[in-house]
Amino acid sequence: MPTSATAPPSSLPARRHGSPRPRASGRHITPLDGLRGLAVMGVLFFHAGHFGGGFLGVDLFFVLSGFLITGLLLKEATARKGAVDLAAFWERRARRLLPALTVLIAAALLLVWAAGPPYLLGFALEDGPWAALQATNWHFISEQVGYWNDADTRVFSHLWSIGIEWQFYVVWPVVVAVLARGRATRRLVPVVAAVGAVVSLAAMIALAHGPDATRVYEGTDTRAFSLLLGALMATDPVRRLLCRTPGRLADRLCAVLICGLGAYWFLTDGPNSPFLFRGGLFLHSLAAALLIALLAHAPAGPVGRLLGCRPLRSLGAVSYSLYLWHWPLYLLLTEEVLGFGGWARTSVLIAVSLAAGCLSKVLVEDPVRFKARWARGRTGTACLAAALAVVAGTCLLVPAPNPGADAVDLTQLTAGSSVG
């Protein structure tokens, strides 16, 4: 989700026949921006209650992140004769992800305090520090907060996926950096990625029992295969294999994969799909990873041109901030607040989320990511310290809701129902 669609190391040449390819200067792969746009659209409609399989957009984000991040790491290792500057990598990730997330946490707490119900504020104050620590997923698992049942009580419930990505960014670059030091050990990168993906699948199948699937859905260990399958597709052996794939065959495979993924999105109904946690998510990730690798190899085909169209690319460009902001706004702009529901409410929710996401990208994401004057040197350090202080102060100073407020309402409701 948060990674820009830049080609992996020594990107394979795209096919030379057919119509003009989408712009790929600077090794930028425009169809992958479009994929990111489709992924966030699926999530938006899923959370609005209109698309049962839209949650699979998060899985697509994971695969994209694994592919792009691994490609960048291997490219650096090749250019620097096996060396990877981990500190610089983590700094880039922090610049890309943390500013928008920090603003979101502070703003969401203030908005819920000002306009949300007491129970929403109470849970937000409890979950906020975990969101800042990139550990929301394990916090919810340990507290037995069901993703499929309790998400509408938590403004930060969607940040479980950001936590998984951050945890991946901490561990996987170290693995790649160690293996990339020698030519022989670098060949182990695809092996480690493939074995890790299979182990992750085995963990999901072993733990996929009971009525609540939150443990396998939000666990870093059980979801790692999505990221690792994406990583596998960015390695040299897979790229060399794809290099021998004719452009027309790559186009047809892309068409088959995009149709198959679309059908699975429409047929899947959350945890009610029995195959989902027993191989379904793994196969979905594998198909998505193959599609991404083929698009990187031949971006000029029909599927690449479709995904590279301006609307999808624009949506993909703002997908990170849009993902951050949509869920708190969904919870605050209820049918009772707006006075209407259905598709009319969904249209308002998406429009407001888009506006918030665009503002976040323009005012926060891009200036910090591209090192605007105020985001560099001592000024940048001061801004970071101020932002962290605001988040900490918000968590500490926003008054907790009266624990008896909801109890009074509940007593009144119970009394009323007994009289009736």
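Residues numbered from 1 in each chain as written. Predicted model: local features only at pLDDT ≥ 70, side-chain atom pairs only at ≥ 80, totals over all residues. Heavy atoms only, no water.

Enquirer: Outline the overall build of the chain, supporting the account with residue identities and numerical values.
Expert: From N to C terminus, the chain includes 21 helices and zero strands. For the chain, the residues scored as buried account for 53% of the 420 residues in total. Across the chain, the fraction of contacts at a sequence separation of at least 24, relative to all contacts at a separation of at least 6, is 78%. (Helix = DSSP H or I, 4+ residues; strand = E, 2+ residues; numbered from the N terminus. Buried < 20%, exposed > 50% of the residue type's maximum accessible area, 1.4 Å probe, protein only. Contact = heavy atoms within 4.5 Å.)

Enquirer: Go over the pattern of salt bridges with me, naming the residues and quoting the values.
Expert: Scanning the model with the defined rule gives 11 salt bridges in all. In this structure, the salt-bridge partner of Asp33 is Arg36, at a minimum N-O distance of 3.1 Å. Taken together, the residues Asp33 and Arg36, both in helix α1 (residues 30-47) and three residues apart, mark about one turn of the helix. Pair check on accessibility: Asp33 and Arg36 agree, each one buried. (Salt bridge = Lys/Arg side-chain N within 4 Å of Asp/Glu carboxyl O.)

Enquirer: Account for unusual backbone geometry, with residues named and values stated.
Expert: The backbone phi angle of Lys81 is positive, close to 55 degrees, even though this residue is not glycine. Checked against the element boundaries, Lys81 lands in the loop between α2 (56-79) and α3 (86-115). One non-glycine residue, Gln144, lies in positive phi territory at about 55 degrees. Note on placement: Gln144 falls in the loop between α5 (136-142) and α6 (147-150).

Enquirer: Residues and numbers for the environment of Ala392, please.
Expert: Looking at the element boundaries, Ala392 is found in helix α20 (residues 377-397). By relative accessible area, Ala392 is classed as partly exposed at 38%. For the pair formed by Ala392 and Ala106, sequence separation is 286 residues and the distance between their alpha carbons is 8.5 Å.

Enquirer: Explain a nonpolar patch on the surface residue by residue, including any values.
Expert: Taken together, the side chains of Leu188, Val191, Val192, Val195 and Val199 define a hydrophobic patch exposed on the protein surface, amounting to about 390 Å² of accessible area. On the secondary structure map, Val195 appears in helix α9 (residues 188-207). (Patch = residues over 30% accessible without salt bridge, like charges linked within 9 Å, V, L, I, M, F, W, Y side chains within 5 Å. Areas by Shrake-Rupley, 256 points an atom, 1.4 Å probe, with all protein chains shown as cover.)

Keep in mind these numbers describe shape, not what the thing actually does.
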